[in-house]
Amino acid sequence: MNLLLIRLIIFAVLFLAGLKLYRMYREWKLDREDALNVESQQEGGQMVRCAWCQVHVPESDALRDHGKWFCSSAHRDRFLQEQRPEE
């Protein structure tokens, strides 16, 4: 009977230690992801999609015209040329 109680206590301690380690790992992982997100936002800002080719580019590198984002001036010009006949 005493041996069973000792095993139960050891199991409970190991389980709680494992749970604590898992929580520490999860918190470390979330902190690391947050740090990576902050770095990526500082490097180029938000990602926006080109209205012509649908490629995502950093907002700092993109061009904005008529409320739409473009990856280059050539794509902006081509998009605007194709939109004019419809209007």
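Note that the structure is a prediction, hence the values are computed from the model and not measured.

**Focus on the overall build of the chain**
Phase 1 of the analysis: In terms of helices and strands, the chain carries two helices and four strands.
Phase 2 of the analysis: Ordered by position from N to C terminus, the α and β elements of the chain give α-β-β-β-β-α.
Phase 3 of the analysis: Counting across all 87 residues of the chain, residues that qualify as buried make up 10%.
Phase 4 of the analysis: Summarising the internal contacts of the chain: among those between residues at least 6 apart in sequence, 10% fall at separations of at least 24.

**Notes on unusual backbone geometry**
Phase 1 of the analysis: Although it is not a glycine, Q54 adopts a positive phi angle of roughly 65°.
Phase 2 of the analysis: Position of Q54 relative to the elements: it lies in the loop between β1 (47-49) and β2 (56-58).

**Focus: the packing of aromatic side chains**
Phase 1 of the analysis: In total, this model carries two aromatic pairs according to the counting rule given.
Phase 2 of the analysis: Ring geometry for Y25 versus W28: centroids 6.0 Å apart, planes at 35°, classification tilted. With Y25 and W28 both in helix α1 (residues 2-44) and three residues apart, this pair spans about one turn of that helix.
Phase 3 of the analysis: With a relative accessible area of 46%, Y25 lands in the partly exposed category.
Phase 4 of the analysis: W28 sits in the partly exposed class, given a relative accessible area of 48%.

**Focus: the pattern of salt bridges**
Phase 1 of the analysis: One pass over the full model with this rule turns up one salt bridge.
Phase 2 of the analysis: Across the pair R76 and D77 runs a salt bridge whose closest N-O atoms are separated by 3.4 Å.
Phase 3 of the analysis: Among the residues examined, D77 registers a relative accessible area of 38% and is labelled partly exposed.

**A few points about a nonpolar patch on the surface**
Phase 1 of the analysis: Together, L5, L8, I9, F11, V13, F15, L16, L19, Y22, Y25 and W28 line one region of the surface with nonpolar side chains, adding up to about 1200 Å² of accessible area.
Phase 2 of the analysis: Counting through the fold element by element, Y22 comes out in helix α1.

**A look at the confidence of the model for the chain**
Phase 1 of the analysis: Within the chain, residue pLDDT values average 87, and 90% of them lie at 70 or more.
Phase 2 of the analysis: Per-element averaging of pLDDT across the chain places α1 at the bottom with 88 and strand β4 (residues 68-70) at the top with 93.

**Things to note about a negative patch on the surface**
Phase 1 of the analysis: Side chains of E27, D31, E33 and D34 sit close together on the surface and give a patch of like negative charge.
Phase 2 of the analysis: With respect to the helices, strands and loops of the structure, D34 is situated in helix α1.

Conventions we followed
Residues numbered from 1 in each chain as written. Predicted model: local features only at pLDDT ≥ 70, side-chain atom pairs only at ≥ 80, totals over all residues. Heavy atoms only, no water. Helix = DSSP H or I, 4+ residues; strand = E, 2+ residues; numbered from the N terminus. Buried < 20%, exposed > 50% of the residue type's maximum accessible area, 1.4 Å probe, protein only. Contact = heavy atoms within 4.5 Å. Phe/Tyr/Trp six-rings, centres within 6.5 Å; stacked < 30°, edge-to-face > 60°. Salt bridge = Lys/Arg side-chain N within 4 Å of Asp/Glu carboxyl O. Patch = residues over 30% accessible without salt bridge, like charges linked within 9 Å, V, L, I, M, F, W, Y side chains within 5 Å. Areas by Shrake-Rupley, 256 points an atom, 1.4 Å probe, with all protein chains shown as cover. pLDDT = per-residue confidence, 0-100. Lys, Arg positive; Asp, Glu negative; His and termini not counted. Charge placed at Lys NZ, Arg CZ, Asp CG, Glu CD.

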